[in-house]
Amino acid sequence: MVTGANGQLGRCIQDLAKTTAGEAYNFFFTDVDTLDICKADQIEQAVTEHQIDAIVNACGYTAVDKAEDERKQAFAINRDGTANLAFVARQHDLYLVHISTDYVYSGNACKPYRESDAIGPLSIYGKSKAAGEVAIHDMGCNATIIRTSWLYSEYGNNFVKTMLRLGDERDQISVVCDQIGAPTYAGDLAKAIFKTLECNIDKKGVIIYNFSNEGSITWFDFAKSIMEIGGRECDVLSIFTEEYPTKAMRPAYSVFNLRKIKEELGIDIPYWRESLTLIINKLNK
């Protein structure tokens, strides 16, 4: 069962399910209009009716700034909804794959984050996602938590699509140059999720992975690359975070150490520019 199936990650999982990679599974795709993870009885009913063996939770409250004013809603989905999934997973001995975020880290590091590094979320969004991770541990189900960053795809709303649109509309934009991270193409994350199910579904306890595309970059450099690859004639100017105030604090540094997921799952992770070029070419068609 895949929750959040209409989001950009969920859509990429649906695409992958139609290929040979999905032949080993029977999928039940659901979103908030068909299953509300904040209601445990709906999860219980879906799991029973569809004879579910594993759950991929791609559902989440992701409006980072809005969460500062909607704390209750953010925690209801990211903590309580996750707890409901973990509870049902434990009751039925199902495997749970849960998607978390780089926002659980403080961003104060000076070298790539390992899964064992201490977390310290700065925003309500980050705190609600961290609370969801805690709920999985507390429920005692068997699970893999995948923390990811700067997610984009050909679907939904994301930074890449916004930059391409602004490149068509404007001659000049300003983007922060002092926040460093790693873009993640949702299709690459979907492949990692399939590999997680293949390798971890019979394992006990909770495993945490960090996953992004290879390499690191600032938002400014990312925007410059999008304009270049996308063929947009739009100047990108660099500004500092203090010049672009937002309600929620962002991690200044959220680069991942990818060694654990590469070694344990035996996967090759594409460099961020390779995946970016692939998607921009698809969007430009």
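Check the entry above for the structure.
These numbers come from a predicted model, not from an experiment.

### A short note on the overall build of the protein chain
In step 1: A tally of helices and strands in the protein chain yields nine helices and eleven strands.
In step 2: Relative to a compact globule of 285 residues, whose C-alpha radius of gyration would be 19 Å, the protein chain shows 18 Å and is just as compact.
In step 3: A principal-axis box enclosing the C-alpha atoms of the protein chain has dimensions of 55 × 40 × 35 Å.
In step 4: Burial statistics for the protein chain: of 285 residues in total, 52% are counted as buried.
In step 5: For the protein chain, restricting intrachain contacts to residue pairs at least 6 apart in sequence, the fraction spanning at least 24 positions comes to 83%.
In step 6: Accessible surface, the protein chain: about 13400 Å² in total, of which carbon and sulfur atoms supply 47%.
In step 7: Averaged over its 30 positive side-chain charges, the protein chain has a centre that lies 1 Å from the centre of its 39 negative ones.

### Section: the pattern of salt bridges
In step 1: Scanning the entire structure with this criterion turns up eleven salt bridges.
In step 2: The salt bridge involving Lys195 is made with Glu198; its shortest N-O contact spans 3.4 Å. On the criterion of helical spacing, the pair formed by Lys195 and Glu198 is a turn pair, its members being three residues apart in helix α6 (residues 186–200).
In step 3: For Lys195, a relative accessible area of 24% gives the class partly exposed.
In step 4: Using a relative accessible area of 54% as the deciding quantity, one classes Glu198 as exposed.
In step 5: A salt bridge links Glu228 to Arg273; the shortest N-O distance between them is 2.8 Å. One end of the pair, Glu228, is in helix α7 (residues 219–230); the other, Arg273, is in helix α9 (residues 272–284), and 45 residues separate them in sequence.

### Notes on the state of the cysteines
In step 1: As enumerated under the stated definition, the model contains zero disulfides in all.
In step 2: The thiol of Cys59 is not disulfide-bonded; the next cysteine sulfur, from Cys38, is found 7.4 Å away.
In step 3: Overall, the relative accessible area of 23% leaves Cys59 in the partly exposed class.
In step 4: Cys110 carries a free sulfur, and the closest cysteine sulfur to it, the one in Cys177, is 19 Å from it.

### Let's talk about the sheet that holds strand β2 (residues 54–57)
In step 1: Strand order in the open sheet formed by five strands is β1-β2-β3-β4-β9, and the pairing between neighbours is parallel. Edge strands, defined here as strands with exactly one partner in the open sheet, are β1 (2–3) and β9 (206–211).
In step 2: Looking at chain direction, strand β3 (residues 95–101) and strand β4 (residues 142–148) are connected through seven bridges and run parallel. Residue Val97 lies in a different strand from β4, and its bridge partner there is Thr144.

### A closer look at the nonpolar core
A general feature of soluble globular proteins is that nonpolar side chains tend to end up buried together.
In step 1: Leu9, Ile193, Phe222 and Leu276 are the most contacted members of the largest nonpolar core, which has 60 residues in total.
In step 2: Setting aside residues no more than four positions away along its own chain, Leu276 makes contact with Tyr152, Val160, Phe222, Ser225, Ile226 and Ile229.
In step 3: Grouped together as the second largest cluster of nonpolar side chains are 20 residues, Leu35, Ile43, Ala86 and Val88 included.

### A few points about helix α4 (residues 124–139)
In step 1: Here α4 spans 22 Å end to end across 16 residues, near enough to the 22 Å set by a 1.5 Å rise per residue.
In step 2: When we look at burial in α4, the residues that qualify are Ile124, Tyr125, Gly126, Ser128, Lys129, Ala130, Ala131, Gly132, Glu133, Ala135 and Ile136.
In step 3: Contact partners of the buried residues in α4: α3 (71–92), β3, β4 and β9.

### Focus: the packing of helix α1 (residues 8–17) against α6
In step 1: At a minimum axis separation of 8 Å, α1 and α6 run at an interaxial angle of 60°. Comparing their axes, α6 and α1 come out oblique. Along this stretch, α1 crosses α6, giving a crossing that reads as right-handed. On the side of α1, the interface is formed by Gln8, Leu9, Cys12, Ile13, Leu16 and Ala17, while α6 contributes Ala186, Gly187, Leu189, Ala190, Lys191, Ile193 and Phe194.
In step 2: Among the residues making up the contact of α1 with α6, the classes are represented as ten nonpolar, two polar and one charged.

### Quick word on α9
In step 1: Helix length check: α9, at 13 residues, gives a terminal C-alpha distance of 18 Å against a target of 18 Å (1.5 Å per residue), a fit within 8%.
In step 2: If you check which residues of α9 are buried, you get Trp272, Ser275, Leu276, Ile279 and Ile280. The buried residues of α9 all sit within an arc of 130° when viewed along its axis, so they share a single face. In α9, the exposed positions that point more than 90 degrees away from the buried face belong to Glu274 and Leu278.
In step 3: Those residues of α9 that are buried lie in contact with β5 (151–152), α5 (159–169), β8 (184–185), α6, β10 (217–218) and α7.

### Quick notes on the side chain of Asn57
In step 1: By the element assignment, Asn57 lies in strand β2.
In step 2: Among the polar contacts made by the side chain of Asn57, one reaches the side chain of His98 at a distance of 3.0 Å.
In step 3: In this structure, Asn57 is in contact with Thr3, Ile37, Thr82, Leu85, Leu96, Val97, His98 and Ile99, ignoring residues within four places of it in sequence.

Calculation notes
Residues numbered from 1 in each chain as written. Predicted model: local features only at pLDDT ≥ 70, side-chain atom pairs only at ≥ 80, totals over all residues. Heavy atoms only, no water. Helix = DSSP H or I, 4+ residues; strand = E, 2+ residues; numbered from the N terminus. Rg over C-alpha atoms; globule rule 2.2 N^0.38 Å. Buried < 20%, exposed > 50% of the residue type's maximum accessible area, 1.4 Å probe, protein only. Contact = heavy atoms within 4.5 Å. Areas by Shrake-Rupley, 256 points an atom, 1.4 Å probe, with all protein chains shown as cover. Lys, Arg positive; Asp, Glu negative; His and termini not counted. Charge placed at Lys NZ, Arg CZ, Asp CG, Glu CD. Salt bridge = Lys/Arg side-chain N within 4 Å of Asp/Glu carboxyl O. Disulfide = S-S within 2.5 Å. Pairing = 2+ DSSP bridges. Core = buried A, V, L, I, M, F, W, Y, C linked by side-chain atoms within 4.5 Å. Expected span 1.5 Å × (residues − 1). Axes fitted to C-alpha atoms, helices over the stretch in contact; angles between N-to-C directions. Parallel < 35°, antiparallel > 145°, perpendicular 65-115°, else oblique. Left-handed = near helix turned anticlockwise from the far one by under 90°. Nonpolar A, V, L, I, M, F, W, Y, C, P; charged D, E, K, R; others polar. Arc of directions from axis to C-beta. Polar contact = N/O pair within 3.5 Å; in protein donor to acceptor, adjacent residues only side chain to side chain.

So, to be careful, I would describe these as geometric facts and stop short of saying anything about function.
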